[in-house]
Amino acid sequence: MSKVEEFEELRPLLFSIAYRILGSVSEAEDAVQETWLRFDGSSTRPTSTKAFVSAAVTRIAIDVLRSARVRREEYVGPWFPEPLLNDPYEDPARAVELADSVSMAALLLLERLSPLERAVFVLREVFAFGFDDVAAAVGRSEAACRQLLVRARRHMEAGRPRFAADGQEQRELATRFFDALKDGDVEGLQDLLAADVQLVGDGGGKAPQLARAVTGAEKVARLLATFILRLVPLDVSFEPHRINGRPGAVFRDRDGKVLHILALDVLEGRIQTIRGVINPDKLGHIGPVADAWAIDREVRQVRRRTN
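Right, let's walk through the structure included here. (Residues numbered from 1 in each chain as written. Predicted model: local features only at pLDDT ≥ 70, side-chain atom pairs only at ≥ 80, totals over all residues. Heavy atoms only, no water.)

1. Brief notes about the sheet that holds strand β4 (residues 246-252)
In a beta sheet, neighbouring strands pair by backbone hydrogen bonds and run either parallel or antiparallel. Taken in spatial order, the six strands line up as β2-β1-β6-β5-β4-β3 in an open sheet, and their pairing is mixed. Of all the strands in the sheet, just β2 (214-215) and β3 (237-243) have a single pairing partner and so form its edges. (Pairing = 2+ DSSP bridges. Helix = DSSP H or I, 4+ residues; strand = E, 2+ residues; numbered from the N terminus.)

If you want it as structure tokens, here you go:
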């Protein structure tokens, strides 16, 4: 194969590695492109192209993550990963690990790790790289990588829910949830929510967002029902869609532009967390982005006319 063909075959894997390290679609795509430039510019053909480009994209992602952490510390409100609608990399032998590791809950747990711990965990636990390749990618000895992995596993396990829902249960619960949401059915929504459910939004100061997390089944159900009923007159619609491998939906304005997304975490037969991403900087890869401030003004105008 030519260099281009070899690289394109590995592109889905490289993006998936970079996204899990960075939690950003745009930054992961940039890291993959930089990897291509390094590979294309190499005067010698590596013994293993996969090992070479995987190591390169990992190093680039680690460097980007170190600088991104400063920005995230100054971020306005809660920070969530950029929503991923479709993971381009598939491996039937690692399907469970791949699905679990790309969820918003898992990516937020990965934020607890140092950049090196995160990279080692992703390469070893998610993609099953050998310790020799992991060590080469992060520039540490195999013994040091084993220690990094031990620490990373400890942090990840401490934050994982004890009983996760299976895929079928998630899908069925999500269908009922979005049916109830469409109807503004407060009781129907409340029946599907955990008692201590949380609704959290990420606007980054660039779009209308919740002042703080809303907690409790009744409060969240009422807020969601009110929210959807206010948007109906503005022809805002939503389409259920997998978000980071979990049930969710993409909301669009009357022109089909992306307004925001909702992602659901399901635990023990109930929805435990609802995360909304409305920061326009995090939605552009999904499609043209709506003006959330303009829609907010329209909502207020409609409320004033009807009161």
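2. Brief notes about the nonpolar core
Ranked by size, the top nonpolar core spans 49 residues in total, and within it Ile17, Tyr19, Phe121 and Phe127 carry the most contacts. The biggest single contributor to this core is helix α1 (residues 3-22), with 10 residues. In contact with Phe121, other than residues within four places in its own chain, are Leu110, Leu113, Val126, Leu149, Ala152, Arg153, Met156 and Arg160. In this structure, Val197, Ile228, Leu231 and Phe251 belong to the second largest nonpolar core, which totals 36 residues. (Core = buried A, V, L, I, M, F, W, Y, C linked by side-chain atoms within 4.5 Å. Buried < 20%, exposed > 50% of the residue type's maximum accessible area, 1.4 Å probe, protein only. Contact = heavy atoms within 4.5 Å.)

3. Digging into unusual backbone geometry
The phi dihedral of Ala128 falls on the positive side, at around 60 degrees, and the residue is not glycine. We classify Ala128 as partly exposed; its relative accessible area is 42%. At Glu268, a position not held by glycine, the phi torsion is positive, near 50 degrees. Inspection of the secondary structure puts Glu268 in the loop between β5 (258-267) and β6 (270-277).

4. Focus: the pattern of salt bridges
Under the defined criterion, the tally for this structure stands at 20 salt bridges. Note that Arg45 and Glu6 form a salt bridge whose closest N and O atoms lie 2.6 Å from each other. Highlighted residues: Arg45 in the loop between α2 (25-41) and α3 (49-73) and Glu6 in helix α1, separated in sequence by 39 residues. Note that Glu298 is salt-bridged to Arg254, the shortest N-O span being 3.2 Å. Taken as a pair, Glu298 in helix α12 (residues 292-306) and Arg254 in the loop between β4 and β5 lie far apart in primary sequence, 44 residues in all. A residue is classified by how much of its surface remains accessible, and Arg254, at 44% relative accessible area, is partly exposed. Each of Glu27, Arg71, Arg72, Glu111 and Arg118 takes part in salt bridges that share partners, so that together they form one network. (Salt bridge = Lys/Arg side-chain N within 4 Å of Asp/Glu carboxyl O.)

5. Structural notes on the packing of aromatic side chains
For the coordinates displayed, the defined rule picks out 10 aromatic pairs. Ring centres 6.0 Å apart and planes at 55 degrees place the aromatic pair Phe227 and Phe251 in the tilted group. Of the two residues, Phe227 is situated in helix α11 (residues 217-231) and Phe251 in strand β4; the sequence distance between them amounts to 24 residues. By relative accessible area, Phe227 is classed as partly exposed at 28%. The exposure class of Phe251 is buried, given its relative accessible area of 0%. Ring plane angle 35 degrees and centroid distance 5.0 Å describe the contact between Phe238 and Phe251, whose orientation is recorded as tilted. Taken as a pair, Phe238 in strand β3 and Phe251 in strand β4 lie far apart in primary sequence, 13 residues in all. By the ring-pair criterion, three or more aromatic residues cluster together here, those being Phe177, Phe178, Phe227, Phe238 and Phe251. (Phe/Tyr/Trp six-rings, centres within 6.5 Å; stacked < 30°, edge-to-face > 60°.)

6. Topic: α3
Turn by turn, an α-helix covers 3.6 residues, leaving residues three or four places apart pointing in a common direction. Under the 1.5 Å per step criterion, the end-to-end length of α3 is 36 Å for 25 residues, consistent within 8% with the ideal 36 Å. When the local axis directions of α3 are compared, the greatest deviation, roughly 25 degrees, occurs at Ser67. (Expected span 1.5 Å × (residues − 1). Bend = angle between axes of the 7 residues up to and from the residue.)

7. Overview of helix α6 (residues 115-126)
Over its 12 residues, α6 extends 16 Å from the first C-alpha to the last, a length consistent with the 16 Å expected when each residue adds 1.5 Å. In terms of residue burial, α6 counts as a mostly covered element, since 10 of its 12 residues are buried. Contacts made by the buried residues of α6 are with α1, α3, α4 (95-102), α5 (104-110), α7 (131-138) and α8 (142-159).

8. Quick word on the environment of Asp255
If you trace the backbone, Asp255 turns up in the loop between β4 and β5. Its relative accessible area of 60% is what places Asp255 among the exposed residues. Considering only alpha carbons, one finds Asp255 and Glu298, 43 residues apart in sequence, at a separation of 15 Å.

9. What about the pairing of β5?
Of all 10 residues in β5, 10 are buried; the element is thus mostly enclosed. Bridge analysis of β4 against β5 gives five bridges, and the strand direction is antiparallel. From the neighbouring strand, Ala249 faces β5, where its bridge partner is Leu262. In sequence, β4 turns back onto β5 through a hairpin of five residues, with Gly256 there showing a positive phi of about 85 degrees. Pairing between β5 and β6: seven bridges, direction antiparallel. Bridging across to β6, Leu262 finds its partner in Gly276. Between the antiparallel neighbours β5 and β6 lie two residues, among them Glu268 with a positive phi of about 50 degrees.

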